[in-house]
Amino acid sequence: MSSAEEFNAWDIRESGPADAAHRVLLLPGGLCSAAFYDDMVAEPALATAPVRLVAATVPGMAGTPAPQNLSMENYAALAGAFAAERGCGVVVGHSFGANIALEMAAGGHFAGRIVLLSPTFSRPDESKVLAVVDRLGRLPGIGALAWSAMVWVAPRALSGMLPPPRREALVAELKKNDAAYCRRSVRHYFDYLDHHGSLVPRLRDSGAQAWVVRGDRDEIGLTDDERAALEASPGVTMVTIPDATHMVMTDQPARVAELVAQVILG
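Residues numbered from 1 in each chain as written. Predicted model: local features only at pLDDT ≥ 70, side-chain atom pairs only at ≥ 80, totals over all residues. Heavy atoms only, no water.

**Here's the deal with the packing of helix H4 (residues 96–106) against helix H8 (residues 179–196)**
Running from amino to carboxyl end, H4 crosses H8 at an angle of 50 degrees, the nearest separation of the two axes being 13 Å. Relative to H8, the element H4 is oriented oblique. Viewed along their axes, H4 and H8 form a crossing whose handedness is left-handed. Contacts from Phe96, Asn99, Leu102 and Glu103 in H4 reach Tyr189, Tyr192 and Leu193 in H8. Its residues assigned to classes, the contact of H4 with H8 shows five nonpolar, one polar and one charged. (Axes fitted to C-alpha atoms, helices over the stretch in contact; angles between N-to-C directions. Helix = DSSP H or I, 4+ residues; strand = E, 2+ residues; numbered from the N terminus. Parallel < 35°, antiparallel > 145°, perpendicular 65-115°, else oblique. Left-handed = near helix turned anticlockwise from the far one by under 90°. Contact = heavy atoms within 4.5 Å. Nonpolar A, V, L, I, M, F, W, Y, C, P; charged D, E, K, R; others polar.)

**Quick notes on the packing of aromatic side chains**
A ring pair, where both rings are aromatic, is described by two values, the distance of the centres and the angle of the planes. Under the defined criterion, the tally for this structure stands at five aromatic pairs. Where Trp10 meets Phe82, the ring centres are 4.5 Å apart and the plane angle is 20 degrees; that geometry is what we call stacked. Linking Trp10 in the segment before strand S1 (11–15) with Phe82 in helix H3 (residues 72–86), this pair joins segments that are 72 residues apart in sequence. Exposure remark for Phe82: the relative accessible area of 5% places this residue in the buried category. One aromatic cluster in this structure is built from Tyr75, Phe96, Tyr189 and Phe190. Here Arg156 stacks its cationic end above the ring of Trp152, 4.0 Å away from the centre of that ring. (Phe/Tyr/Trp six-rings, centres within 6.5 Å; stacked < 30°, edge-to-face > 60°. Buried < 20%, exposed > 50% of the residue type's maximum accessible area, 1.4 Å probe, protein only. Lys NZ or Arg CZ within 6 Å of the ring centre and 35° of its normal.)

**Comments concerning the environment of Val92**
Positionally, Val92 belongs in strand S4 (residues 90–94). For Val92, a relative accessible area of 0% puts it in the buried group. Along the primary structure Val92 and Ala210 are separated by 118 residues, whereas in three dimensions their C-alpha atoms are 9.8 Å apart.

**A word on the pattern of salt bridges**
For the structure on display, the rule yields 13 salt bridges. A salt bridge links Glu173 to Lys176; the shortest N-O distance between them is 2.9 Å. Residue classification places Glu173 among the buried positions, given a relative accessible area of 16%. Exposure remark for Lys176: the relative accessible area of 45% places this residue in the partly exposed category. Across the pair Asp243 and Arg217 runs a salt bridge, and its minimum N-O distance is 3.0 Å. Here Asp243, found in the loop between strand S7 (236–241) and helix H11 (248–251), pairs with Arg217, found in the loop between strand S6 (210–215) and helix H10 (224–231); they are 26 residues apart in sequence, far enough to count as distant. The class for Arg217 is partly exposed, based on a relative accessible area of 45%. One network of salt bridges, with partners in common, ties together Arg13, Asp38, Asp39 and Arg166. (Salt bridge = Lys/Arg side-chain N within 4 Å of Asp/Glu carboxyl O.)

**Points about the layout of surface pockets**
In this approach the atoms are scanned with a rolling probe the size of a water molecule, which exposes any empty space left behind. Of the pockets and cavities examined, the largest pocket occupies roughly 740 Å³. Leu31, Ser127, Leu130, Met150 and Leu158 are, among the 32 residues lining the largest pocket, the residues nearest its centre. The set of elements that each furnish at least two residues to the lining of the largest pocket consists of H4, helix H5 (128–137), helix H6 (142–158) and H8. Take the lining of the largest pocket: its biggest share by element is six residues, from H6. Of the residues belonging to the lining of the largest pocket, the class tally is 21 nonpolar, nine polar and two charged. Taken together, 13 residues line the second largest pocket, and the ones lying closest to its centre are Phe7, Asn8, Trp10, Ala81 and Glu85. (1 Å grid on protein atoms, 1.4 Å probe; cavity = no way out; pocket = protein on both sides within 12 Å on 5 of 7 lines; lining within 4 Å. Points joined across faces, edges and corners; volume = space filled by probe spheres on them.)

**A few points about the pairing of S6**
With six of its six residues buried, S6 lies for the most part within the structure. Side chains of S6 alternate between two faces, with Ala210, Val212 and Arg214 and Trp211, Val213 and Gly215 buried alike. Examined bridge by bridge, strand S5 (residues 113–117) and S6 share four bridges and lie parallel to one another. Note that in S6 the partner of Val115 across the bridge is Trp211. Note: S6 against S7, six bridges, orientation parallel. (Pairing = 2+ DSSP bridges.)

**Digging into the sheet that holds S4**
Taking strand neighbours across the sheet as the criterion, the seven strands line up as S1-S3-S2-S4-S5-S6-S7 in an open arrangement whose pairing is mixed. Each edge of the open sheet carries a strand with a single partner, namely S1 and S7. Across the sheet, the axes of successive neighbouring strands diverge by a mean angle of 20 degrees, strand direction being ignored. The sheet contacts of helix H12 (residues 253–265) involve strand S2 (22–27), strand S3 (51–57), S4, S5, S6 and S7, and relative to S5 the element is tilted by about 165 degrees.

Structure below.
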């Protein structure tokens, strides 16, 4: 288990009773901020539960201060230290945040339950567009231009996947992202995927009690072999959310909130 660098610039949104018996860390996905959990935490299943919810933007995302070390291992160590400081016994992560939660468990930084909303288990599962931009981003000269274009296009491309009542506010969060940071962090992310090949054994061997949650129309892939291995893992529960894309917690906030409440209170 590696130690984390010193980092105290977390951008957080908290809700629920301050003296709640249960505390949960919520990590949003790439380009996203803690605001992407607002709809989910407002659902009755969580809003009325004896739970303190701590939604924390992954440092560097949505224009927040970034750590010096952008490796997934360091992010997991940072998040593990933050979860311990806040007394969180459950971690919920979405997309990039889900992969951090997975590594928190696998790297020995967290021993509680984890809910993984649409994680990526291998490079082939990941968005082809993101993989192409990462390859371009490694090239001198055009790399910076490629990421500038990506950060400009992404909020517009993702807007159609966001709930209309919250679309304007969430797109504004996406527009806060810094191209140079995204270029570096995504490079580390793909290096992490390439190093492990598949994260399924890493999750299985962690011994963590984990819920892998995916929308039935998720754009992130999951191979038949990966699914079979996950279903055979004693600590892993597979959950499919109907009528949901990769943005499962904004597509179906009530259903995800109910699941998270069951994990916390069960």
